[in-house]
Amino acid sequence: MLSRVLLVCLSLSLYSSGSSLSCRWVDHKFRQHSRNSLDLIDTMAHNSTNTTEDAEVNFPNDLYRQASKASAEDKLSFTVQILEEMAALFEKDHSNASWEENTVDHFLIVVTQQAEGLHSCIKSHGHKKKNKKLQMYFKKLSRHVLEQMGHSAESWELIRKEMKTHLMRADQLVLSLTN
């Protein structure tokens with residue numbers, strides 16, 4: 001009898017480890033952090049100037065399509081990279097943006113916690129190779145939007161809108177792992 005119970009437990013553990021993702025952080029914390037980061041970035045919009053200019057850098061839809069077809073671990077790595085790049089971008093001089101500093105600080109904390117939480121779900125925990133195209137995209141945002149527009153309030157509003165789209169797409173990508 002005991003050997004059957006042990007066999008059933010072993011079978012269940014092997015089955016669950018073979019599933020697409022088994023990570024308590026994604027199951028229990030990701031959604032809350034995702035909502036918080038989206039709420040905070042929306043709050044920043046209420047304290048922002050409106051702009052009619054469009055960003056000169058195209059959103060990387062093709063990279064998201066590729067990531068959506070990738071393994072669970074690669075999806076997580078891609079999302080972690082997005083969150084880390086986003087945090088680095090918001091740590092730049094945003095003094096011309098009309099955002100409350102504590103809102104930006106809280107946003108950075110939540111985004112960093114998301115990145116760290118998702119990173120804890122990656123089994124290899126090694127330094128996975130960064131997606132070069134994604135790195136280049138964020139460099140272009142920094143150079144072509146922020147620097148060329150003098151870190152103006154308008155440039156930061158363009159960045160904020162772009163990052164909101166990233167947060168929504170990253171949310172969809174991670175939640176696809178739980179289905």
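Above this text is the structure in question.
Now for a description of the structure that goes with this document. (Residues numbered from 1 in each chain as written. Predicted model: local features only at pLDDT ≥ 70, side-chain atom pairs only at ≥ 80, totals over all residues. Heavy atoms only, no water.)

Here's the deal with the overall build of the chain
At step 1: Each helix and strand in the chain was counted, giving seven helices and zero strands.
At step 2: In sequence order, the secondary structure elements of the chain are arranged as α-α-α-α-α-α-α.
At step 3: Going through the 179 residues of the chain one by one, you find that 42% of them count as buried.
At step 4: Once local pairs closer than 6 in sequence are excluded, the contacts in the chain between residues at least 24 apart make up 87%.
At step 5: Within the structure as shown, the chain displays about 10,400 Å² of accessible surface, and the carbon and sulfur contribution to it stands at 51%. (Helix = DSSP H or I, 4+ residues; strand = E, 2+ residues; numbered from the N terminus. Buried < 20%, exposed > 50% of the residue type's maximum accessible area, 1.4 Å probe, protein only. Contact = heavy atoms within 4.5 Å. Areas by Shrake-Rupley, 256 points an atom, 1.4 Å probe, with all protein chains shown as cover.)

Remarks on the side chain of S37
At step 1: You can see S37 is positioned in helix 2 (residues 24–46).
At step 2: For S37, a relative accessible area of 0% corresponds to the buried category.
At step 3: Only 2.9 Å separates the side chain of S37 from the backbone oxygen of S34, close enough to count as a polar contact.
At step 4: Setting aside anything within four residues of it in sequence, one finds S37 in contact with F107, V110, V111, Q114 and L167. (Polar contact = N/O pair within 3.5 Å; in protein donor to acceptor, adjacent residues only side chain to side chain.)

Regarding the state of the cysteines
At step 1: Per the counting criterion, the structure on display carries one disulfide.
At step 2: The disulfide that involves C23 links it to C121, with 1.7 Å between the sulfurs. Between C23 and C121 the sulfur-sulfur dihedral comes to about -50°; the bridge is accordingly left-handed. With C23 in the loop between helix 1 (2–17) and helix 2 and C121 in the loop between helix 5 (101–119) and helix 6 (132–147), this residue pair connects regions lying 98 residues apart in the sequence.
At step 3: Note on C121: relative accessible area 8%, which makes it buried. (Disulfide = S-S within 2.5 Å.)

Focus: the pattern of salt bridges
At step 1: For the coordinates displayed, the defined rule picks out four salt bridges.
At step 2: A salt bridge links R31 to D171, with the shortest nitrogen-to-oxygen separation between them at 2.6 Å. Highlighted residues: R31 in helix 2 and D171 in helix 7 (residues 153–175), separated in sequence by 140 residues.
At step 3: Here R31 falls in the partly exposed class, since its relative accessible area comes to 35%.
At step 4: For E84, the salt bridge goes to K130, with nearest N and O atoms at 2.8 Å. Taken together, the residues E84 in helix 4 (residues 72–90) and K130 in the loop between helix 5 and helix 6 connect sequence positions 46 residues apart.
At step 5: For E84, a relative accessible area of 36% translates into the label partly exposed. (Salt bridge = Lys/Arg side-chain N within 4 Å of Asp/Glu carboxyl O.)

Notes on a positive patch on the surface
At step 1: A contiguous patch of positive charge on the surface is contributed by K129, K132, K139 and R143.
At step 2: Of note, R143 is situated in helix 6. (Patch = residues over 30% accessible without salt bridge, like charges linked within 9 Å, V, L, I, M, F, W, Y side chains within 5 Å. Lys, Arg positive; Asp, Glu negative; His and termini not counted. Charge placed at Lys NZ, Arg CZ, Asp CG, Glu CD.)

Some thoughts on unusual backbone geometry
At step 1: The backbone of H151 shows a phi angle near 55°, a positive value even though the residue is not glycine.
At step 2: Note that H151 resides in the loop between helix 6 and helix 7.

Some details on the environment of L83
At step 1: Looking at where L83 falls in the secondary structure, it is placed in helix 4.
At step 2: A relative accessible area of 1% means that L83 is categorised as buried.
At step 3: When the C-alpha positions of L83 and H166 are compared, they lie 8.7 Å apart, and in sequence the two are 83 residues distant.
At step 4: The residues touching L83, leaving out its near neighbours within four places in the chain, are V111, Q114, A115, L118 and L167.

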